[in-house]
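Residue strings, one per chain:
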Amino acid sequence: MNTVQYNQSSQSIGQLSRTLPGQVVLVLQGGGALGSYQAGVYQALHEAGIEPDWIIGTSIGAINASLIAGNAPQNRVPRLQEFWKRMEQKPIWSFRDVFPGFNEKLSYWSTVTNGIPGFFRPNPLAHAGNDYPLGAERAGYYSTEPLEQTLTELVDFDLVNKCSPRLTVFVSTASYIGTAAFFRTRQRKRFSTTIRAKIR
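The following paragraphs examine the structure supplied in this document. A quick note: this is a predicted structure, and the numbers were derived from the prediction, not measured. (Residues numbered from 1 in each chain as written. Predicted model: local features only at pLDDT ≥ 70, side-chain atom pairs only at ≥ 80, totals over all residues. Heavy atoms only, no water.)

Within the protein chain one finds 8 helices and 6 strands. In sequence order, the protein chain lays out its α and β elements as α-β-α-β-α-α-α-β-β-α-α-β-β-α. With 200 residues in all, the protein chain has 33% of them scored as buried. Restricting the contact set of the protein chain to residue pairs at least 6 apart, pairs at least 24 apart contribute 63%. Carbon and sulfur atoms provide 56% of the accessible area of the protein chain, an area that totals close to 12,500 Å². (Helix = DSSP H or I, 4+ residues; strand = E, 2+ residues; numbered from the N terminus. Buried < 20%, exposed > 50% of the residue type's maximum accessible area, 1.4 Å probe, protein only. Contact = heavy atoms within 4.5 Å. Areas by Shrake-Rupley, 256 points an atom, 1.4 Å probe, with all protein chains shown as cover.)

A separate point is the packing of aromatic side chains. According to the stated counting rule, one finds 5 aromatic pairs in the structure shown. An angle of 65 degrees between the planes, with centres 6.4 Å apart, marks the rings of F83 and F119 as edge-to-face. On the criterion of sequence distance, the pair formed by F83 in helix α4 (residues 73-87) and F119 in the loop between α5 (102-114) and β3 (121-122) is long-range, its members being 36 residues apart. The two residues F83 and F119 agree in class, both being buried. For the ring pair Y108 and W109, a centre distance of 5.0 Å and an interplane angle of 80 degrees mean the geometry is edge-to-face. In this structure W109 comes out as exposed when scored by relative accessible area, which is 52%. Each residue in the set F83, W84, F119, F120 and Y142 is aromatic and connected to the rest through ring pairs, giving one cluster. (Phe/Tyr/Trp six-rings, centres within 6.5 Å; stacked < 30°, edge-to-face > 60°.)

Attention shifts here to the pattern of salt bridges. Scanning all chains against the criterion turns up 5 salt bridges. A salt bridge links R76 to E51, with the nearest nitrogen and oxygen atoms 2.7 Å apart. Of this pair, R76 sits in helix α4 while E51 sits in the loop between α2 (34-47) and β2 (54-58), and the two are 25 residues apart along the sequence. Note on E51: relative accessible area 24%, which makes it partly exposed. (Salt bridge = Lys/Arg side-chain N within 4 Å of Asp/Glu carboxyl O.)

With that settled, consider the nonpolar core. I55, I63, L67, F83 and F119 are the most contacted members of the largest nonpolar core, which totals 28 residues. Breaking this core down by element, the ones donating at least two residues are β1 (25-28), α2, α3 (60-69), α4, α6 (145-154), α7 (157-160) and β5 (166-174). Non-local contacts of I55, meaning those with residues more than four positions away in its chain, are made with L26, L28, A65, I68, A69, P165, R166, L167 and T168. (Core = buried A, V, L, I, M, F, W, Y, C linked by side-chain atoms within 4.5 Å.)

Nonpolar side chains collect at one region of the surface, where F99, F102 and L106 lie side by side and expose about 260 Å² of accessible area between them. Following the sequence through the fold, L106 ends up in helix α5. Classification of L106 as partly exposed rests on a relative accessible area of 33%. (Patch = residues over 30% accessible without salt bridge, like charges linked within 9 Å, V, L, I, M, F, W, Y side chains within 5 Å.)

The subject of this paragraph is unusual backbone geometry. The residue after S164, namely P165, is reached through a cis peptide bond having omega 5 degrees. With respect to the element layout, P165 can be found in the loop between α7 and β5. For S59, which is not glycine, the phi dihedral falls at a positive 55 degrees. Tracing the backbone shows S59 in the loop between β2 and α3. Residue C163 is not a glycine yet carries a positive backbone phi of 65 degrees. Residue position: C163 is located in the loop between α7 and β5.

Each packed pair of helices is defined by two parameters, the angle between the axes and the distance between the axes. Two elements in contact, α3 and α4, have axes separated by 9 Å at closest approach and are oriented at 140 degrees. Relative to α4, the element α3 lies oblique. In this structure, the crossing between α3 and α4 has a hand that is right-handed. Residue-level inspection shows I60, I63, N64, L67 and I68 of α3 in contact with α4, the latter providing R76, R79, L80, F83 and W84. Among the residues making up the contact of α3 with α4, the classes are represented as 7 nonpolar, 1 polar and 2 charged. (Axes fitted to C-alpha atoms, helices over the stretch in contact; angles between N-to-C directions. Parallel < 35°, antiparallel > 145°, perpendicular 65-115°, else oblique. Left-handed = near helix turned anticlockwise from the far one by under 90°. Nonpolar A, V, L, I, M, F, W, Y, C, P; charged D, E, K, R; others polar.)

Limitation: the analysis is restricted to geometry and does not speak to function.
Structure (structure tokens):
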């Protein structure tokens, strides 16, 4: 029955792709792990022959939006899959049958203490105290430098700067003072420098 439903919805999306008027705009919200679902939504659109003309994202949605806009259509799904594969937690041991709920707690504490490779890592200097001169940009409990490296590997920022598809992201520029900003590829700025600088 699920196969029949999937085929019917796939056919419906395919029919929709032939009759879409105007622009196709894909809006991706924040929400951490919800980003993996967004990757699946884009994959369904791609398989139906629907490519966005404009992608808008915030938080994890901004990361997915950059992965889509920063790759040629045939590379977008593989790059999204690669990103989310890197975010996957792989426990060495499984206690699911013996201690229900233990694996989830182990995964949680592993993330808190070690971060997620390719995304963020703990910043031990954040615990050095008020007198240690870190500066506001380096005072966070976690560093997102691994995310900057991941995006550098998976996103072609020259392609992003060509504005096709158009990309708009909303990012926090300085969480310690609560400011935020919009960045649009149509501004003709070096979007790559801007987004990579603001990830930190």
